[in-house]
Every structure is written in structure tokens, then in C-alpha cells.
Amino acid sequence: MSDYAASPVLADSGLPYDLPDFARISDDDFLPAYDLALPAHLAEVAAIAEDPEPPTFANTVGALEATGRLLARANGIFFNLEGADSNPQRARIAQELAVRLTEHHATIAMNPALFARIAEVYDHRDALGLSEPQRRLTERKYRDAVRAGAALDAAGQAEMRAIAARLATLTTEFSQKLLDDTNASAVQVLQAADLDGLSAGEIAAARRAAEQAGVDGHLIALELPTSQSSVAKLTVPAVRARVFQASIDRCARGNENDTRAMILEIVQLRARRAQLLGYANHAEFVIAEETAPDPAAVADLLRDLGTAAMAASERELARLTQRHGAALRPEDVTFALAAEQRATADAPGAAAAGGVDEFEQYCELDAVLNDGVFAAAGALYGLAFTERPDLHGYHPDVRVWEVSDADGAGIGLFVGDFFARPSKRGGAWMNTVVDQSTQLETRPIVVNVLNLTKPEAGEPCLLSLDQLVTAFHEFGHAVHGLLSAVEFVSQSGTSVPRDFVEFPSQVNEMWALHPDVVTRYARHAETGAPAPAALLDAVRAAGDVDSAHSTIEYLAAAALDLAWHRLGVDEVPADVLAFEAQALADAGLASPLIPPRYRSSYFNHIFGGGYSSAYYSYIWSEILDAETEQWFLKSGGLQRELGLAFADAVLSRGDSVDPVAAHAGLLGQPATIEPLLRRRGLVAATE
């Protein structure tokens, strides 16, 4: 038996789609697996670099693309676990792997013989008769090597290695500190009456959290963004204030989880790396690989939208102040806006159904999944989802579905991990355990992770409107991965530019409240009665236009990201919070009542994740999304032919084609910004 076959991590599991046999894998198996996978990958790469034959696409770029399958296997298993179900041992392994993997990829990128072969294919790509996917892959491999330092001299390469290793350590540690401080910042509430406004399920979850922590009363766990869903519901102002303050103080409390010094070092190192590679700053380095032309274009978009949103917010805040009093604080604004959304005065008959809040009673998790999320994918793309209780995930709460196409052929697995727990980082996301590739003959295993409150045994899991939309959003990423039909694994599914990747997921949000979808799943969790039409109208009206508050929250965070990463090496400040305040003021997005969606100290997207200089991507993608939503609606809505056209043009192609050109081809024209402005209620403010 080979060493690989003896490794529970690396061995063929024998399960459908080669789903990992998580029951056989222990944390002690991971580092030995990497001890096998890393040198195996280097040996594969060395064989390509030392090939005596002249370089061609097949023996160099294509061959390189096929290497590292054992490493991809280990990464697909471990990093899904580390984000969704961390523990101290996994955190230590992640820290070690951050450095080892960074050094490993630098060794490959800086292999002079390999780079010379890639460069030879790149230089002659016009004469080689390459297909579009082959050409794009060749250009990507060349650019990736250059951006990793392959074209630098020995001193430059040594410095790049040191920077990359240190950044890997810092960004991994940032995420771990944020998880620890978020857990430690849960707000203890001793009197149950002080939880007025929360649902029975939320109160029960807070009680369980306190019991698990060994403290009295209840614990209100914090969510990842600044705005907390509990703040939108709690009727006791003092409790709202405590939760809000705990949220914005995270990782800036002067304790062992304070991230401010790390932020400054991360920004400094990123600026220096960009300088070494000939870029003015990190933002220029990142955006060079995105669909946006440059940082200035991004800044212009944020400024234009910000000007309109701030004007709208003045009207919004004036209205709230008039209704609720002059002494509004940020947490009160969140509460007041939620109260407005819950109001049913403009929806005759909805009040009789219990008001917009009552909609949660019609959004039971399994109904939303089976009769909403999956049903919409079936109507659009011909997909069918069969739960496989015989297949097990990495945690008892994790569920697995087999996905089949319209002909009944299995195309992959969908893994759902829906409930919050202290070991899971905040937010919601999509990951892959295995990516689709015809070259590698692999079919996708896609994971969706949410952070829903787990109900008491025997009770239904009810989704708020925001959670409902999030479920559809993340499933849009999942469909992008499941419908992938490309040759090369690095072009698969969501492996597209960061400012395009959110586009398909945002499009999928449109089906959450679409009349042909919502009536399928919206049945009362206890009685089974369908949601009243007036209630659905009220909910749809409440969700039609984003508040100026939510727009500014997002734009402020995007502007903050860009400000940090447009700094040169000699411009990094000493005070994180002072820089943050000045950056928001300079962007015209400073508001004492509307803090950014993430403050710097807990901005995991940019300091612990892959969105540095690219948090703008959500709004950039939304331009495409808003235009595509109109295309669907004008063309007939939830129709198979439209879904298949969208899948053929965009979802199945990944990065094997120019994604923006593919989108323009689908619509017959490039996207414009007007549908986005109308959706966000900003048209009047810009006229």
C-alpha cells in the first residue's frame, strides 16, 4: 500500500464523488498528509521544468495545471473544516500551513526553469493556435508567476518570500483573533425581560449559549458585521446600546485579540510587495487582475454612489428623527429602520396576517431549501437535489445532497452547513471541497455555510428576511460551482475575477421573493397555511429598495478598504482608528449615525480573507446583477430557456472566457448603472 493510500486525508474514500470520509479523518492526520502532498507536487513540477522537449502548451501550461491533486485534496478538506468548525489544534495547523503553503507556491513560481518554459509559451501564444481557454490559462499562469516574483532578481525574490510568509501568518492570525474576540464579546443579559423583541427561538439560543459558557442568564452572540440583527429587534434601549458597543469595539479593546498593530503591518507589507513589483500601491496591484480598469475608476463609482446615498440618508434620518425623537444613536437608527420595515400601513390586509415580522413563520429552513432554493434551480436549470443521509459531513449538523441534471445524471454534491456555533467564523460563504474539471475528470463538491440560530429539538428553524436572501445568495455561488463545465480546474466555477464572482450569487437573490418561488415554500411552520397575499406584498415592498443606511454602511466599508490599500510604503499611519475616521471623511461617507459595515479592526474580508482592495466588488457586480434581473423579468422570469441561456453564457464558463464579454453577449449590450440606481432608490438623488 502506498503512503498516499494509507492517509485518510489523501486516499480515495470510495464514497460517491470521492466525498471525504470525515469519520476516518482526525486532526492528527492533516500534517502527515501535507508532508506527503507537498513534495509530491514539487516532484511533478520539477518533471515539467526539466522536460528536455521544447515547451508547448500541452507539456508545460497544460501539464502544470494537472499537478498538485493530492495537495488540492488536502486543502479542500482542511480549510473547509478550519473555517466552519475550528478548534485549537486546527488553528495551530492553519498557522503552520499558512507559511508552508506560501513558501511552497513561491518555490514553484520562482523556479527559473519552469518560468522560462511558461514565458516561452506565453511569448508565442499568438502563433500556437490556442483555444480561448488555453490562451487565458497561459496568460494567467504567466501573470501569476510574475506577480509572485518570478521576474525579480535574487534579492527581490528573497524579500518577496519573506513578505508572503509574514502576510500568511498575519492574515491567518487576524481571522483567529476575530473569532476569539467575537465569542468573548457576547453580551450577557441577566433579566429575560431585557430580551423583549427577540423571538422565542432566539431567546432559547441565548439561554443555551449562556449555559454552554457557564454563566447566568442569557448570552447574545455577535454576528460578523457592525449591524446586529438583535439590535434591530431589542426594544430595551440600554441592551441595544450594549450589543452595538460590543460589536464596534471588537479587536480594538487593548486585549490579546487586538488587531490594530497587525493591520498596520499587513498594510505596510502589502504596500512594499506592490512596490517591488512596480505598482504604486496594493490597490493597483489587486485591481490589475479585476474587471474594473483601475483604482481611480473604483473610487469614482464609490464617490458618485456615496454622494447620492448620503443625500438620501439625510432625508431618511430626518424622517426617523421626526418619528422617534431627536436623540437617536446609531443602534436606535438600526432599530427604527427595522421598525419601519415591519410597519404595514402601506400594505392593506398585511396587518391582519401579523405584520412583516410574521413572515419568519412562513420561512422554515427545509421548506425554503426544498421548495424555494432547490425548486428555483430546478425550474431554471433542470437540477434536482436528493438528500443523502448515508453520506456524512464534517459535523453532525452538516447535510449532503446529490445533484442531478435534467437527464438524471449526477453532476456533484451540495453540502449544507446552516447553524451557528462558537467554532464557526461569522458570516456566510461558499467553499468547494472538489472543483469541476474535465481534464482531471472531477465533479464538484460545493459547500454552503450559514450562521442560522439552531432551534430547540423538535422546533422549526425559521429564517428572517435577511437570512432568506442570504440563503439564496450563497446558493447562487453554489450553482456557479455545480454548473461549471470547463476543462481546466483553475478556470472552474467561481474562479473568476473577484469583482465578478458576486454577480451570479446576487442574481440568484431575485428568486427569493419572486411570485413563482415564494408561493411554493411560504407556508406557516405550524399550520401549513400558505402566506397571505397581502403579507407577501408587504414583504416584497419592504425588500424592494435598500435603505440609504445599508447602502452607506457598505460604501463606507468599501471606501475604507480602498483607502488602506492606496497607501504607499511611506504613508502607513500609526493610529488605525484615526486613519479610519479621516478616510471616511475624505470619502464623504462619515456619519455619526451610520458606521461602516465593518470597522478596520474586524474587517475580516480584507485583513483575513481574499477581498483586500476588492470589497468594492459587491457593488461593481451589482451593476451586472441589476441589469440581468431586468433581463430575466422582461423575458418571462422563471423560465427554463432563460436559465439555460444564463448557464451557458456565464455559469458554466467560469474563467474560460472573458466573463464581462460573456455577460454582454447574453444581454446583447454592456450593462449600465441605471437599474442599480433605481433598485437602491438613488435615481431621484442623482437627478
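The coordinates are above.
Residues numbered from 1 in each chain as written. Predicted model: local features only at pLDDT ≥ 70, side-chain atom pairs only at ≥ 80, totals over all residues. Heavy atoms only, no water.

Novice: If you had to explain the overall build of the protein to someone new, which residues and values would you point to?
Specialist: When helices and strands are counted, the protein shows 27 helices and seven strands. Relative to a compact globule of 687 residues, whose C-alpha radius of gyration would be 26 Å, the protein shows 25 Å and is just as compact. With 687 residues in all, the protein has 56% of them scored as buried. Long-range contacts, defined here as pairs at least 24 residues apart, represent 75% of the contacts in the protein between residues at least 6 apart. In the form shown here, the protein has an accessible surface area of approximately 27,300 Å², with 51% of it arising from carbon and sulfur atoms. Computed over 54 positive and 95 negative side-chain charges, the inter-centroid distance for the protein is 1 Å. (Helix = DSSP H or I, 4+ residues; strand = E, 2+ residues; numbered from the N terminus. Rg over C-alpha atoms; globule rule 2.2 N^0.38 Å. Buried < 20%, exposed > 50% of the residue type's maximum accessible area, 1.4 Å probe, protein only. Contact = heavy atoms within 4.5 Å. Areas by Shrake-Rupley, 256 points an atom, 1.4 Å probe, with all protein chains shown as cover. Lys, Arg positive; Asp, Glu negative; His and termini not counted. Charge placed at Lys NZ, Arg CZ, Asp CG, Glu CD.)

Novice: Provide a residue-level description of helix α6 (residues 112-123), including the pertinent values.
Specialist: For α6, with twelve residues, the first-to-last C-alpha span of 16 Å sits near the 16 Å given by 1.5 Å per residue. Those residues of α6 not exposed but buried are Leu114, Phe115, Arg117, Ile118, Ala119, Val121 and Tyr122. If you follow the buried residues of α6, they end up packed against α2 (30-49), α3 (57-65), α5 (88-109) and α7 (132-147). Where α6 begins, the capping side chain belongs to Asn111, and its oxygen is found 3.1 Å from the backbone nitrogen of Ala113. (Expected span 1.5 Å × (residues − 1). Polar contact = N/O pair within 3.5 Å; in protein donor to acceptor, adjacent residues only side chain to side chain.)

Novice: Tell me what's going on with the packing of aromatic side chains, and back it up with residues and numbers.
Specialist: The final tally for this structure, using the stated rule, is 32 aromatic pairs. Ring geometry for Phe374 versus Phe385: centroids 4.2 Å apart, planes at 5 degrees, classification stacked. Taken together, the residues span a long stretch of sequence, with Phe374 in helix α15 (residues 365-381) and Phe385 in strand β3 (residues 384-387) at a distance of eleven residues. Of the two residues examined, Phe374 and Phe385, each falls in the buried class. Taken together, the aromatic side chains of Phe374, Phe385, Trp401, Phe414, Phe418 and Phe475 make up a single cluster linked through ring pairs. Note that Arg425 overlies the ring of Trp429, its terminal NZ or CZ placed 3.7 Å from the centroid. (Phe/Tyr/Trp six-rings, centres within 6.5 Å; stacked < 30°, edge-to-face > 60°. Lys NZ or Arg CZ within 6 Å of the ring centre and 35° of its normal.)

Novice: How would you explain unusual backbone geometry if you had to name every residue and give the values?
Specialist: One non-glycine residue, Asp18, adopts positive backbone phi at about 55 degrees. Positionally, Asp18 belongs in the loop between α1 (3-6) and α2. Positive phi, close to 55 degrees, is recorded for Glu441, a residue that is not glycine. Structurally, Glu441 is set in the loop between β6 (429-434) and β7 (445-452).

Novice: So what's going on with the nonpolar core? Residues and values would help.
Specialist: Membership of the largest hydrophobic core comes to 146 residues, with the highest contact counts inside it found for Phe359, Tyr381, Phe385, Leu468, Tyr521 and Trp564. In terms of residue count, helix α20 (residues 548-565) provides more of this core than any other element does, twelve residues in total. Look past the residues within four positions of Phe359 in its chain and what remains in contact with it is Leu465, Leu468, Leu513, Val518, Tyr521, Ala522, Leu535, Leu536 and Val539. Listed in part, the 33 residues of the second largest apolar core include Val9, Ile93, Leu413 and Val433. (Core = buried A, V, L, I, M, F, W, Y, C linked by side-chain atoms within 4.5 Å.)

Novice: A description of empty space enclosed by the protein should follow, citing residues and the corresponding values.
Specialist: Enumeration over the complete set of coordinates arrives at six cavities of 30 Å³ or more. Each pocket or cavity is described by its volume, and for the largest cavity that value is around 60 Å³. Taken together, Leu369, Val373, Phe414, Phe418, Asn448, Leu450, Ala471, Glu474 and Phe475 form the lining of the largest cavity. Looking at the lining of the largest cavity element by element, the count peaks at three residues for helix α16 (residues 465-482). Of the residues belonging to the lining of the largest cavity, the class tally is seven nonpolar, one polar and one charged. (1 Å grid on protein atoms, 1.4 Å probe; cavity = no way out; pocket = protein on both sides within 12 Å on 5 of 7 lines; lining within 4 Å. Points joined across faces, edges and corners; volume = space filled by probe spheres on them. Nonpolar A, V, L, I, M, F, W, Y, C, P; charged D, E, K, R; others polar.)

Novice: Residues and numbers for the pattern of salt bridges, please.
Specialist: Counted by the stated rule, this structure contains 45 salt bridges. Linking Arg125 and Glu139 is a salt bridge whose minimum nitrogen-to-oxygen distance equals 3.1 Å. A residue pair is termed long-range when its members are at least 10 positions apart, and Arg125 in the loop between α6 and α7 and Glu139 in helix α7 qualify at 14 residues. Neither Arg125 nor Glu139 differs from the other in exposure class; each is buried. Salt bridges sharing common partners tie together Asp27, Asp85, Arg90, Asp417, Arg421 and Lys424. (Salt bridge = Lys/Arg side-chain N within 4 Å of Asp/Glu carboxyl O.)

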